[in-house]
Amino acid sequence: MIQNYLKMAWRNLMKHRFISFINLFGLTMGLACCLLISIYIIHETSFDRYHSKADRIYRVTRNFNNPDGTVTLRLSTIAPPFGPLLKNDFPDIQQVTRLLPSGKTPVKYGDKLFSETQLFFADEHLFDVFDVNVTKGNPQKALQDPFTVMVSETVARKYFGNEEALNKIIKINNQFNLKVTGVFRSFPSNSHIHPEIMVSFNTLKDSAVYGDKQLQTNYGNNSFFTYFLVPENYPVKQIEAQFPAFIDKHMFFPGAPPAMKFSKLTTLGVQKLTDIHLYSHTDYEAEENGDITRVYIFSVIALIILLIACINYMNLATARSALRAKEIGIRKVAGAGKGELIAQFLSESVLIAWIAMILAILIAWITLPWINRLSDLT
């Protein structure tokens, strides 16, 4: 019976090809647009969720205030001394890790010179907090020693070709000779940060710009992305509530009045890792973020497009029903009941819907790489 319904449905589609084409085209394009928008929404809402500890990782932010309390500057980075102090003063924090972006950096290997924009100084605790797919080297030791570096597989191929990357020597800023101690896979596209070269954080202790003392006492250089890990279901607001006392305890400048409270002029905050991409809009971010409002707008657009496609299909199907009055009459005379007639028309609708869905998936698959390039997504 079902086979007969499908056979008759196909014959009717072929009999009224122009109307069937309009129906199929409208439904296909509506589904394709809806599918592409859905892929975008899924991608935007998936940022940083691939980390196994994503719901326990937080980023520390810093605001600067006027004396009247109004915020003048919002930063996603903080000063270097805060990282170790957080680990020391808050025993519930399981681990802290810091990343320092280097900006556009010249890197030399042999007689080859490259300009890298995704070079970061990273400490050895990075792998205790984030999931990084290390393919060569020991992640627990690769960034422990100064003057060591880990590179992504992409950078390793660019620099060394098919040669073994481990133990190669590269030079950055015409200042540091670094030994390659590990290779990792590039961070996925749904990450808010994409280091391609990670230099041992301990290298900074011998830097003319930073140095060990600067890393411990300089509260004015707010360039360090700082993340911490807490236990499951931990009320992180408890830590945030103690930040004013934490700042007043540690921050001081020569010549400042003893009673001066720096917590009135600067504040620390926390951001959940999975909220950074869509909800963080500080004055400095590692990369351009998305916007949850944009996600809501595209969601509404997708529903409207799908609704229009469905209404258009129903209108055309209703209009075409007048052309089939004779067929319906003959079927009734032949003994067809109401259920059989409904099944016949539904079989045609299901057939068109399945064909439209298959074509929509094919269109989305073909156009997605082009759309990704156009929107600068990978």
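Being a predicted model, the structure only gives us computed values, none of them experimental.

What counts, and where the lines are drawn
- Residues numbered from 1 in each chain as written.
- Predicted model: local features only at pLDDT ≥ 70, side-chain atom pairs only at ≥ 80, totals over all residues.
- Heavy atoms only, no water.
- Axes fitted to C-alpha atoms, helices over the stretch in contact; angles between N-to-C directions.
- Helix = DSSP H or I, 4+ residues; strand = E, 2+ residues; numbered from the N terminus.
- Left-handed = near helix turned anticlockwise from the far one by under 90°.
- Contact = heavy atoms within 4.5 Å.
- Nonpolar A, V, L, I, M, F, W, Y, C, P; charged D, E, K, R; others polar.
- 1 Å grid on protein atoms, 1.4 Å probe; cavity = no way out; pocket = protein on both sides within 12 Å on 5 of 7 lines; lining within 4 Å.
- Points joined across faces, edges and corners; volume = space filled by probe spheres on them.
- Phe/Tyr/Trp six-rings, centres within 6.5 Å; stacked < 30°, edge-to-face > 60°.
- Buried < 20%, exposed > 50% of the residue type's maximum accessible area, 1.4 Å probe, protein only.
- Pairing = 2+ DSSP bridges.
- Arc of directions from axis to C-beta.
- Salt bridge = Lys/Arg side-chain N within 4 Å of Asp/Glu carboxyl O.
- pLDDT = per-residue confidence, 0-100.

J.: Would you mind showing me how to read the packing of helix α3 (residues 82–89) against helix α8 (residues 243–250) here?
T.: Any two packed helices are characterised by the angle at which their axes cross and by the distance between the axes. At their nearest, the axes of α3 and α8 sit 12 Å apart, and the two run at 115° to each other. Between α3 and α8 the crossing geometry is right-handed. In this structure, α3 contributes Phe82, Leu85, Leu86 and Asp89 to the contact, and α8 contributes Phe243, Phe246, Lys249 and His250. Of the residues that constitute the contact of α3 with α8, the class distribution is 5 nonpolar, 1 polar and 2 charged.

J.: Can you walk me through the layout of surface pockets in this structure?
T.: Its volume calculated, the second largest pocket comes out at about 330 Å³. Around the second largest pocket, the lining is made up of 18 residues, and of these Gly83, Pro84, Arg98, Asp123 and Phe201 lie nearest the centre. Of all the secondary structure elements, the ones that give two or more residues to the lining of the second largest pocket are α3, β3 (95–101) and α6 (211–217). Residues of the lining of the second largest pocket, tallied by class, amount to 6 nonpolar, 6 polar and 6 charged.

J.: Could you clarify how one ought to interpret the packing of aromatic side chains in this entry?
T.: Think of a pair of aromatic rings as described by two things: how far the centres are apart, and how the planes are tilted against each other in angle. If you walk through the whole model with that rule in mind, you get 15 aromatic pairs. Plain terms: the ring middles of Phe201 and Phe224 are 5.8 Å apart, the flat faces sit at 65° to each other, and that makes the pair edge-to-face. With Phe201 in the loop between β11 (197–200) and α6 and Phe224 in the loop between α6 and β12 (225–229), the pair connects residues that are 23 residues apart, well separated along the chain. Since its relative accessible area comes to 3%, Phe201 is described here as buried. A ring pair is formed by Phe225 and Tyr284, whose centres lie 5.9 Å apart and whose planes are at 20°; its orientation type is stacked.

J.: Help me understand the pairing of strand β13 (residues 266–272), please; the structure alone is not making it clear to me.
T.: In summary, the side chains of a regular strand alternate between the two faces of the sheet. Of all 7 residues in β13, 5 are buried; the element is thus mostly enclosed. Bridge analysis of strand β1 (residues 57–65) against β13 gives 7 bridges, and the strand direction is antiparallel. Across the sheet, residue Arg59 finds its bridge partner in β13, namely Gln271.

J.: What is the right way to read the environment of Ile352 from this model?
T.: Position of Ile352 among the secondary structure elements: in helix α12 (residues 338–374). Taking the relative accessible area as the measure of exposure, Ile352 reaches 2% and is therefore buried.

J.: What is the right way to look at unusual backbone geometry in this model?
T.: Only a minority of non-glycine residues have a phi that is not negative, and only a minority of peptide bonds are not trans. Of note in the backbone geometry, Asp48 takes a positive phi value of approximately 65° without being a glycine. Note that Asp48 resides in the loop between α2 (17–44) and β1. For Asp48, a relative accessible area of 1% translates into the label buried. One non-glycine residue, Asn167, lies in the positive phi region at around 75°. Assignment of secondary structure puts Asn167 in the loop between α5 (153–160) and β9 (169–172). Under the relative-accessibility criterion, Asn167 is labelled exposed at 54%.

J.: Help me understand α5, please; the structure alone is not making it clear to me.
T.: Side chains three or four residues apart in an α-helix point the same way, a direct result of the helix having 3.6 residues per turn. Within the span of α5, buried status applies to Val155, Ala156, Tyr159 and Phe160. Angularly, the buried residues of α5 cover 100° about the axis, an arc narrow enough to put them on a single face. On its buried side, α5 packs onto β4 (105–109), β5 (112–116), β8 (148–152), β9, β10 (176–184) and β11. Of the residues trailing α5, Gly161 is marked for its positive phi of about 65°.

J.: Just checking my understanding: could you explain empty space enclosed by the protein for this structure?
T.: Over the atoms, a rolling probe the size of a water molecule traces out where space has been left empty. Within this structure, the stated rule accounts for 1 cavity of 30 Å³ or more. As for the largest cavity, its lining consists of Asp48, Tyr50, His51, Leu99, Leu126, Phe130, Phe187, Ser191, His192 and Ile193. Here the residues of the lining of the largest cavity are counted per class, giving 6 nonpolar, 3 polar and 1 charged.

J.: Before we go on, may I ask you to explain the pairing of β10 in this structure?
T.: Of all 9 residues making up β10, 7 are buried, and the element is well covered by its neighbours. In the sheet, strand β7 (residues 134–136) pairs with β10 via 2 bridges, with the strands oriented antiparallel. In the strand pairing of β10, Val134 is matched with Phe184. In the sheet, β8 pairs with β10 via 5 bridges, with the strands oriented parallel.

J.: Looking at this structure, I do not really get the pattern of salt bridges. What am I missing?
T.: Side chains that differ in sign of charge can pair as their charged atoms come close. Counted according to the given criterion, the structure contains 7 salt bridges. The salt bridge partner of Lys168 is Glu163, with a shortest N-O separation of 3.6 Å. On the basis of relative accessibility, which here comes to 49%, the residue Glu163 falls in the partly exposed class.

J.: Is there a simple way to explain the confidence of the model for the protein chain in this structure?
T.: Do not read the predicted coordinates in detail wherever pLDDT is low. On average, residues of the protein chain score 86 in pLDDT, and 82% of them reach the 70 mark or higher. Per-element mean pLDDT across the protein chain ranges from 56 in helix α11 (residues 325–333) up to 97 in β12.

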